[in-house]
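What follows is each chain in one-letter form.
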Amino acid sequence: MPSLTGAQIVVRALEDAGVPLTFGIPGTHNIELYDALALSDRVRPVLVTDEQSASFMADAVWRASGRLGCVNVVPGAGLTHAMSGIAEAFMDNVPLLVLGCGIRRDTGMAFQLHDVDQLAMVAPITKARFRPETGRSAYAEILEACRIAQQGPPGPVMVEIPANLYLFKHEVDLPPGTSEAAHANVAAPPDEAVVRAAELLAAAKRPLIYVGLGAAGAGSSLVELAERLEAPVASTIQGKGVFPESHPLSLWPGFGDAAPSFARSVAHDCDVTLAIGCRFGEVATASYGLEPPSPLIHVDISPEAIGRNYPAALGIVSDAAAFVRALLPRLPRCAPDDKLRARISAGHAEVVADRHAHGDASRVSPARLLEALQQHFGGDAIFTSDSGNGTFIAMECLRLDGAGKFLAPVDYSCMGYSVPAAIGAKLARPEAPVIALAGDGAFLMTGLELLTAAHEGIAVAVFVLRDRELAQIAQFQDVALNRKTCSELPDYDLSAICRGVGVECLTLERNADVADAIASVVRVMALGKPVVVDVAIDYSQKTYFTQGVVKTNLRRLPWRDRLRFVGRAIGRRIVG
Ligand SMILES: Cc1ncc(C[n+]2csc(CCOP(=O)(O)OP(=O)(O)O)c2C)c(N)n1
Ligand SMILES: [Mg+2]
């Protein structure tokens, strides 16, 4: 039996699990692992500046490419730094391998460096946790962790390798080097449920389809589904692009209070909802501010999601692709409804015209910037965004055909995501243009990761949306409280920060300069370098999302409190 070090065993497991990249910072506990990774030609270890970024990068590897990313951290502090991104992946259903490292378990000594109960700390934000006791079991447990992460509702799984396993040699018989097959969700829907769904859809005059990221696996069969039913298709935020947004039946990301009026009225005229691969979470529904036309058919891989927030007339636990495949042959084929399509197209045109009419020429209109970026970089571009106003602007302005092109921290909504996510996405999909839309507050959290991009030659473009505020919060404070406590940012010299990490920083002051700025960005990226653009963004037009959330939350308050809040806002406007 061959004798291998723990580090060699773990590297083999990562290779066989098809993990292309690990992100982290080495420490005394796992230097053996890093040393072994240096020899792998299938797994590339990437050094980051902060483990928070490591987890965002690993998350983005999967979102952009469907391959499993790995956050590779030292015990204690490395793990706690990474926990923001692990929690984001947990809440956004992103599979992730958290390769932790533990104290020595062979010495019996207490008060060891970094010793905390790591598995307990990550229990609420991981699907499963492993601590192999032998070198032999480490291989199998890592492969099992990777399988669990990707099967069923995806999410992070942690494996803690005790440091002593790395140090010593183990007699192991590993299978001959194979590359792990993709872990497909194969849960098929029960026949009678598919028949019932087909009946409900056939009985309706106009179905509404609502898709989340969980429907991505159904791919182009979603188009066939929508066309057969001649049904408008709305998406969640994460599901943006899962149904091609250039399709004439593509409605809007959402359909409730936070959607423009045409999308609300089209949805309102529907008389059944077919929701696939979504959970009706708070952010996607803009504070539960939508009412799915009933009856609701809710299809999801997770039984816990079905009917949890909105009662489902028919709940079906299934993989999305398997469900759509089973449903399609049972549906009649509807003719295209030109009136419906014209209504949707006119609605979109009105939204675009309204955006173009708004804004001041001395700053940069988000819509014009995003349209120009899409025009220039085409359908392959991947956009990452952050928690903040920029996410909702991007959600409303970008038109994307395909999943994996809009990477946003949604349900945990952790600021600091966009820059590291762009780096992870670019490493996973080097041929795709990758553009980060970073809030100027969020940039302060992980912007130094540009050093990683500069050092590794990762040519991402980071547009920093400089409004000098924490706008998503400041806008609410302004409306409700007429003052912005702790949400106006101290000014900072972005170009000096960029200079410090060896990254070129361009400025973009007004709409008229958008094309020139993009040309300069392209010039820098062509050299294999990252680039930052300091954008004087015009946030004066509120997103439909923000307007919708304010309305929904206000309406939900009891009358007494509603009057108190409105009274306070008006009072402060009058007397300051
Ligand atoms: C880690 C973290 N801290 C605080 C928040 C609360 N929060 C949500 S959006 C937001 C504003 C973000 O400001 P900025 O990055 O400048 O983006 P903008 O909204 O101005 O575009 C804040 C503070 C959060 N989501 N995550
Ligand atoms: Mg801001």
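Our structure's up above, just so we're on the same page.
These numbers come from a predicted model, not from an experiment. (Residues numbered from 1 in each chain as written. Chains lettered and ligands numbered in written order. Predicted model: local features only at pLDDT ≥ 70, side-chain atom pairs only at ≥ 80, totals over all residues. Heavy atoms only, no water.)

We now examine the overall build of the chain. Scanning the chain for helices and strands turns up 22 helices and 20 strands. A compact globule built from 576 residues should have a C-alpha radius of gyration of about 25 Å, and the chain, at 25 Å, falls within 12% of that. If you line up the chain on its principal axes, its C-alpha atoms span 70 × 60 × 50 Å. Sorting the 576 residues of the chain into buried and exposed places 57% on the buried side. (Helix = DSSP H or I, 4+ residues; strand = E, 2+ residues; numbered from the N terminus. Rg over C-alpha atoms; globule rule 2.2 N^0.38 Å. Buried < 20%, exposed > 50% of the residue type's maximum accessible area, 1.4 Å probe, protein only.)

This brings us to the site of ligand 1. In the region of ligand 1, 17 residues are neighbours, and S413, D440, A442, A471 and Y539 sit closest. Contact between ligand 1 and S387: a nitrogen atom at 3.1 Å from a side-chain N or O atom of the residue. At 2.9 Å from an oxygen atom of ligand 1 is found a main-chain nitrogen or oxygen belonging to N389. When isolated, ligand 1 has an accessible area of 590 Å², and the protein chains bury 77% of it. Put simply, the parts of the chain that give the shell around ligand 1 at least two residues each are α14 (389-397), α16 (440-446) and α18 (471-481). Taken together, the residues of the shell around ligand 1 sort by class into six nonpolar, eight polar and three charged. (Near = heavy atom within 4 Å. Polar contact = N/O pair within 3.5 Å; in protein donor to acceptor, adjacent residues only side chain to side chain. Areas by Shrake-Rupley, 256 points an atom, 1.4 Å probe, with all protein chains shown as cover. Nonpolar A, V, L, I, M, F, W, Y, C, P; charged D, E, K, R; others polar.)

The subject of this paragraph is the sheet that holds strand β5 (residues 96-102). Taken in spatial order, the six strands make up an open sheet running β3-β2-β4-β5-β7-β6, and their pairing is parallel. The open sheet terminates on both sides in strands that have one partner only, identified here as β3 (44-47) and β6 (128-130). If you compare each strand with its neighbour and ignore which way they point, the axes differ by 25 degrees on average. Contacts between helix α1 (residues 6-16) and the sheet are confined to β2 (21-24), β4 (70-72), β5 and β7 (156-162), with β5 contributing the most and set at about 175 degrees to the helix. Contacts from helix α6 (residues 135-150) reach β5, β6 and β7, with the element oriented near 165 degrees to β7. (Pairing = 2+ DSSP bridges. Axes fitted to C-alpha atoms, helices over the stretch in contact; angles between N-to-C directions. Contact = heavy atoms within 4.5 Å.)

Tallying each qualifying case throughout the model produces 29 salt bridges. Taking the shortest distance from any N to any O, the salt bridge between R63 and D92 comes out at 2.9 Å. Of this pair, R63 sits in helix α3 (residues 51-65) while D92 is found in the loop between α4 (77-91) and β5, placing the two residues 29 residues apart along the sequence. In this structure D92 comes out as buried when scored by relative accessible area, which is 2%. (Salt bridge = Lys/Arg side-chain N within 4 Å of Asp/Glu carboxyl O.)

For the rest of this paragraph, the subject is the nonpolar core. L222, L225, L251, I276, I297, F323 and L327 are the most contacted members of the largest nonpolar core, which has 57 residues in total. If you tally residues by element for this core, the top one is helix α8 (residues 191-203), at six residues. Apart from the residues lying within four places of it in its own chain, the contact partners of I297 are A197, L200, L201, V272, T273, L274, A275, L314 and I316. (Core = buried A, V, L, I, M, F, W, Y, C linked by side-chain atoms within 4.5 Å.)

Okay, the side chain of S55 next. Turning to its location among the elements, S55 is positioned in helix α3. By relative accessible area, which is 0% here, S55 ends up buried.

Let's shift gears to the environment of P336. By the element assignment, P336 lies in the loop between α11 (320-327) and α12 (338-357). Judged by its relative accessible area of 54%, P336 falls in the exposed class. Separated by 87 residues in sequence, P336 and L249 place their C-alpha atoms 9.7 Å apart. If sequence neighbours within four positions are ignored, P336 has contacts with E230 and R341.

Another point: the packing of aromatic side chains. Two measures describe an aromatic ring pair: the distance that separates the ring centres and the angle between the ring planes. Under the defined criterion, the tally for this structure stands at seven aromatic pairs. Ring geometry for W252 against F262: centres 6.3 Å apart, planes inclined by 90 degrees, an arrangement best described as edge-to-face. With W252 in strand β11 (residues 250-253) and F262 in helix α10 (residues 261-268), this pair connects stretches of sequence that are 10 residues apart. In this pair, the class of W252 matches that of F262, namely buried. Arranged with centres 5.7 Å apart and planes meeting at 85 degrees, the rings of W252 and Y544 form a pair that is edge-to-face. Note that W252 is positioned in strand β11 and Y544 in helix α21 (residues 544-556), a separation of 292 residues in sequence. Clustering of aromatic rings is evident, with ring pairs tying together Y210, F255, F280 and Y310. The ring of Y492 has R466 lying over it, and the distance from NZ or CZ to the ring centre is 4.3 Å. A cation over a ring is seen here: R562 above W559, with NZ or CZ 4.1 Å from the ring centre. (Phe/Tyr/Trp six-rings, centres within 6.5 Å; stacked < 30°, edge-to-face > 60°. Lys NZ or Arg CZ within 6 Å of the ring centre and 35° of its normal.)

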